[in-house]
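So you can see what is in the structure, the chains are spelled out below.
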Amino acid sequence: MSTATRDRAVQLLEFAHALVNKALTGIPDAKATFQPTATDNNAIWTVGHLATTYAWFKSVFDGAMHPIPDTYNGLFGMGSKPSSDPKVYPPFVEVKKHADAAYAAFIAAAQKLNDAELAQPTAVETGGFCSDKMDALNKAAWHDGWHTGQLASIRKALGLPGIF
């Protein structure tokens, strides 16, 4: 079975994910909850949100969410709001560790599927967000790009150099 379309989509996601990581580089842990304005996301919320999202996207492929701490959906999931109070969150390094593990599990699940399998309906209800498994892979890349832009604003407000 062909995997050419899958490989191309994974390549795009890996590019977008590398930009997320590049945008995080240089943001000190002490500034993890910095928000340029009260309505902006902060770095730790963004990374935690990506952890919950990667865990969910994995379930779109195989029906099983990658395990993340029980508190993460409340802190970082859909409908949560970032806080500028660092006491609200676990250590930034821990949140990054969970995001990295959830991303790796998501990529591993994607790599198990061929193009025909990715054209199948999602394994879980997505509320119309994903039309099929391939759409989930593509939307994950878009989602990383969306949050990279938010991290770029944080970098700019902190006086850090651009990532390009």
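See the structure shown above.
Let me begin by describing the structure that accompanies this report. Since this is a predicted model, take the numbers as computed values, not measurements.

Along the protein, the regular secondary structure elements total six helices and zero strands. In the protein, the order of α-helices and β-strands from amino to carboxyl end is α-α-α-α-α-α. Taken against the 2.2 N^0.38 rule, which gives 15 Å for 164 residues, the C-alpha radius of gyration of the protein at 16 Å falls within 12% of a compact globule. In terms of overall dimensions, the protein has a C-alpha envelope of 50 × 35 × 25 Å along the principal axes. For the protein, with 164 residues in total, the buried portion stands at 46%. For the protein, the computed accessible surface area is about 8,200 Å², with 59% contributed by carbon and sulfur atoms. The average position of the 14 basic charges and that of the 15 acidic charges among the side chains of the protein differ by 7 Å.

Looking now at helix α6 (residues 133–157). With 25 residues, α6 ought to run about 36 Å at 1.5 Å a step, and its terminal C-alpha atoms sit 37 Å apart, in line with that. Of the residues trailing α6, G159 is marked for its positive phi of about 80°.

Residues F129, W142 and W146 make up a contiguous nonpolar surface patch of about 350 Å² in total accessible area. Among the structural elements, W146 can be located in helix α6.

This part covers the packing of aromatic side chains. For the coordinates displayed, the defined rule picks out 11 aromatic pairs. Consider the rings of Y54 and F106, whose centres lie 6.4 Å apart with planes at 15°: the pair is stacked. Here F106 lies in helix α4 (residues 92–111) and Y54 lies in helix α2 (residues 43–62), a separation of 52 residues in the sequence. Across this residue pair, the class does not change: Y54 and F106 are buried. Judged by centre distance (6.2 Å) and plane angle (55°), the ring pair of W56 and F129 falls under tilted. On the criterion of sequence distance, the pair formed by W56 in helix α2 and F129 in the loop between α5 (115–118) and α6 is long-range, its members being 73 residues apart.

Attention now goes to the pattern of salt bridges. Counted according to the given criterion, the structure contains three salt bridges. Between R6 and D7 there is a salt bridge whose closest N-O contact spans 2.7 Å. The closest approach of N and O atoms between K58 and D62, which form a salt bridge, is 2.6 Å. Taken together, the positions of K58 and D62, both in helix α2 and four residues apart, correspond to about one turn of that helix. With a relative accessible area of 13%, K58 lands in the buried category.

Reading the values: the criteria
- Residues numbered from 1 in each chain as written.
- Predicted model: local features only at pLDDT ≥ 70, side-chain atom pairs only at ≥ 80, totals over all residues.
- Heavy atoms only, no water.
- Helix = DSSP H or I, 4+ residues; strand = E, 2+ residues; numbered from the N terminus.
- Rg over C-alpha atoms; globule rule 2.2 N^0.38 Å.
- Buried < 20%, exposed > 50% of the residue type's maximum accessible area, 1.4 Å probe, protein only.
- Areas by Shrake-Rupley, 256 points an atom, 1.4 Å probe, with all protein chains shown as cover.
- Lys, Arg positive; Asp, Glu negative; His and termini not counted.
- Charge placed at Lys NZ, Arg CZ, Asp CG, Glu CD.
- Expected span 1.5 Å × (residues − 1).
- Patch = residues over 30% accessible without salt bridge, like charges linked within 9 Å, V, L, I, M, F, W, Y side chains within 5 Å.
- Salt bridge = Lys/Arg side-chain N within 4 Å of Asp/Glu carboxyl O.
- Phe/Tyr/Trp six-rings, centres within 6.5 Å; stacked < 30°, edge-to-face > 60°.

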